[in-house]
Amino acid sequence: MSWKDQLRDASFKGVPIKWISLEGENGRRVAEHEFPQRDKPWVEDMGRATRPYRFMAVCCGEDWLQQLNTLLTVLEEPGAGELVHPLFGRIKVYAKPARWSLNLDAGGRVDIPLEFIENGDLLFPVPLASTAAPLQSASDDMLTAAQSMAEQALAALDLARAVVGDVVSAVMSAIKGVSNAVEAVLDYFDSWQSLVNAVLTLPATAVGKILSILESVDRAFDRYGDLTRWGVNQSRAMRVLRARSKALSKRSNGTVSTKVAGVLVGLMAAGVAANTLQAVAALPTSRPADGGNLPVAADVSSLRQDLSGSLWAMADGAEYEQAAYLLVVQRAAVAHLNQVEAIGLQLQTFTPPAVMPALVLAYRAQGDAALADELLSRNNIVHPLFVPVQELQVTYD
């Protein structure tokens, strides 16, 4: 039997490890105390010793260089990861530095002695600065500034010269493509005509009502993946509404009707932003004690980039006071999402060996059948009973 026939399956952070031998250590840590005129020492038990897990790994075959690069990359990634051990199953470990060597005499292979150290639980809680509360506070300040600016803008216009039909037409054109983000306003006022009439009749009251409606829209999400995807769409809506609001307000030949429409569309952008930030602030920044579900780090990263870019775009060209509040919100949102991403799940690729139900596949690939819905949604699988044999993205902790 050749050395290749002795290989067994193992992996670290989802990357396969080919190995030809393994070893470890078990036992207790003891302190030996010797005293004068005593024949026997006093041995103090200091607790269980740290368990190291050592492998003699190899990279071989035609793609040995790719195997080596992949393994070295995952060894250099920060943080603990999951080691699938051939004897002991799944273990949370840290990787120690590894030294590799190319062995031509042994048939051409790279030998890599690997050592992993088990990741122990913290005995004392580590305090983290709250990022959700500052984000909510900054969002409230931004909304207050938006309301004040809108009221001032409307007060400076001769609203008696505004034509309801023209305002409605301009607003409907401005929200085209993102109307689902502001549908709550229409549900409350029954029609755009009634909304515009309210603004022209009692501007201050209507402005506050529009913002309170959009801010308090209740969004229920079954999975964090749904929330992050919704947040990306909301970020796009904010950016579109703000851009169209500026186009209406700064139109060189604009009438009172177009300027009123610009103020209303700008209000909607602020309301959508506040509602989005409220949902984002609810994302967890620490792991739940019951081992509950967590967002995916890659999804959180996409949300952070889109949301940050949209808030920057909203601040561009805004009045100084409003722009300052928007930039404070942008920094608070980035800080919060950075902490959320730090505890998020990672993604890896997995190809099922055969067509099988999503429940079975989720249990095989992720060890949790409850993640079947997330697997279907992430990979756009149509039928839950027949997941095809193709490369899939699955989450792991």
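Below is a short write-up of the structure. Everything numeric here is computed off the predicted structure, so don't read it as measured data.

In this section: a positive patch on the surface. On the surface, a cluster of positive charge is made up of Lys176, Arg236, Arg239 and Arg244. With respect to the helices and strands, arginine 239 occurs in helix α7 (residues 224-249).

You can see aspartate 111 is positioned in strand β9 (residues 109-118). At 2.7 Å, the side chain of aspartate 111 forms a polar contact with the side chain of arginine 109.

In this structure, lysine 13 takes a positive phi of about 55° despite not being glycine. Here lysine 13 shows up in the loop between β1 (8-12) and β2 (15-24). Judged by its relative accessible area of 8%, lysine 13 falls in the buried class. Of note, aspartate 190 is a non-glycine position whose phi angle comes to about 75°, a positive value. Residue position: aspartate 190 is located in the loop between α4 (183-189) and α5 (192-201).

The subject of this paragraph is the layout of surface pockets. Taken as a whole, the second largest pocket spans an internal volume of roughly 460 Å³. Of all elements in the fold, only α2 (132-155), α7, α8 (256-281) and α10 (320-342) reach the threshold of two or more residues within the lining of the second largest pocket. Here the element with the most residues in the lining of the second largest pocket is α8; it accounts for 6 residues. The residue makeup of the lining of the second largest pocket, split by class, is 11 nonpolar, 6 polar and 5 charged.

We now examine the packing of α8 against α10. Contact pair α8 / α10: the axes reach a minimum separation of 10 Å and the direction vectors enclose 25°. What the angle tells us is that α8 and α10 run roughly parallel. Judged by the twist between their axes, the crossing of α8 over α10 is left-handed. Of the residues in α10, those touching α8 at Leu277, Val280 and Ala281 are Val329, Ala333, His336 and Leu337. For the contact of α8 with α10, the per-class residue count stands at 6 nonpolar, 1 polar and no charged.

Note: disulfide means a covalent bond formed between the sulfur atoms of two cysteine side chains. One pass over the full model with this rule turns up 0 disulfides. Unpaired in terms of disulfides, cysteine 59 finds its nearest cysteine sulfur in cysteine 60, a separation of 7.6 Å.

The subject of this paragraph is the pattern of salt bridges. For the structure shown, the criterion picks out 10 salt bridges. Measuring nitrogen to oxygen at the nearest pair gives 3.3 Å for the salt bridge that ties aspartate 45 to arginine 28. With aspartate 45 in strand β4 (residues 42-48) and arginine 28 in strand β3 (residues 28-33), this pair connects stretches of sequence that are 17 residues apart. Judged by its relative accessible area of 48%, aspartate 45 falls in the partly exposed class. In this structure, arginine 229 engages aspartate 226 in a salt bridge whose closest nitrogen and oxygen atoms are separated by 3.0 Å. With a gap of 3 residues between them, arginine 229 and aspartate 226 both fall in helix α7, about one helical turn apart. In the salt-bridge network here, residues are joined through shared partners; they are Glu23, Glu25, Arg54 and Glu115.

In the structure shown here, the tally under the stated rule is 1 cavity of 30 Å³ or more. Computed from the structure, the largest cavity encloses a volume of approximately 70 Å³. If you go around the largest cavity, you meet 13 residues; those closest to its centre are Asn293, Leu294, Val296, Leu345 and Glu374.

Cut-offs used in this document
- Residues numbered from 1 in each chain as written.
- Predicted model: local features only at pLDDT ≥ 70, side-chain atom pairs only at ≥ 80, totals over all residues.
- Heavy atoms only, no water.
- Patch = residues over 30% accessible without salt bridge, like charges linked within 9 Å, V, L, I, M, F, W, Y side chains within 5 Å.
- Areas by Shrake-Rupley, 256 points an atom, 1.4 Å probe, with all protein chains shown as cover.
- Salt bridge = Lys/Arg side-chain N within 4 Å of Asp/Glu carboxyl O.
- Lys, Arg positive; Asp, Glu negative; His and termini not counted.
- Charge placed at Lys NZ, Arg CZ, Asp CG, Glu CD.
- Helix = DSSP H or I, 4+ residues; strand = E, 2+ residues; numbered from the N terminus.
- Polar contact = N/O pair within 3.5 Å; in protein donor to acceptor, adjacent residues only side chain to side chain.
- Buried < 20%, exposed > 50% of the residue type's maximum accessible area, 1.4 Å probe, protein only.
- 1 Å grid on protein atoms, 1.4 Å probe; cavity = no way out; pocket = protein on both sides within 12 Å on 5 of 7 lines; lining within 4 Å.
- Points joined across faces, edges and corners; volume = space filled by probe spheres on them.
- Nonpolar A, V, L, I, M, F, W, Y, C, P; charged D, E, K, R; others polar.
- Axes fitted to C-alpha atoms, helices over the stretch in contact; angles between N-to-C directions.
- Parallel < 35°, antiparallel > 145°, perpendicular 65-115°, else oblique.
- Left-handed = near helix turned anticlockwise from the far one by under 90°.
- Contact = heavy atoms within 4.5 Å.
- Disulfide = S-S within 2.5 Å.

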